Amino acid sequence: MSKPVNRHIMALVNFIALVPLVYFIPPWVAQFFPGNKLLQVITAVGIIVPIISYLVVPNAVRLINRL
């Protein structure tokens, strides 16, 4: 079983991963839904959250525990 990762380290990992995602994904999504801001936000969040939840965090925990 893996030991818990320091929450400050995980906050830093999340911050570093979220910056490019929040910078690039919303403008990319906006081109598909130009007139509907709510749909843009829902779609962008629907893309970003699974990337963080299912890719970034599990891989970061595995990597940190390996070190």
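Residues numbered from 1 in each chain as written. Predicted model: local features only at pLDDT ≥ 70, side-chain atom pairs only at ≥ 80, totals over all residues. Heavy atoms only, no water.

1. With respect to the overall build of the protein chain
Phase 1: A tally of regular secondary structure across the protein chain gives two helices and zero strands.
Phase 2: Overall, the protein chain is about 45 × 20 × 15 Å in size when its C-alpha atoms are taken along their principal axes.
Phase 3: Counting only residues that meet the buried cut, the protein chain has 18% of its 67 residues in that class.
Phase 4: Intrachain contacts of the protein chain at a sequence separation of at least 6 include 62% that bridge at least 24 residues.
Phase 5: Carbon and sulfur atoms provide 72% of the accessible area of the protein chain, an area that totals close to 5300 Å². (Helix = DSSP H or I, 4+ residues; strand = E, 2+ residues; numbered from the N terminus. Buried < 20%, exposed > 50% of the residue type's maximum accessible area, 1.4 Å probe, protein only. Contact = heavy atoms within 4.5 Å. Areas by Shrake-Rupley, 256 points an atom, 1.4 Å probe, with all protein chains shown as cover.)

2. Re the environment of I25
Phase 1: Counting through the fold element by element, I25 comes out in helix α1 (residues 7–30).
Phase 2: Residue I25 is classed as buried on the basis of its relative accessible area of 11%.
Phase 3: The spatial distance from the C-alpha of I25 to the C-alpha of I47 is 8.0 Å, given a sequence separation of 22 residues.
Phase 4: Excluding residues within four positions of it along the chain, I25 makes contact with P20, A44, I47, I48 and I51.

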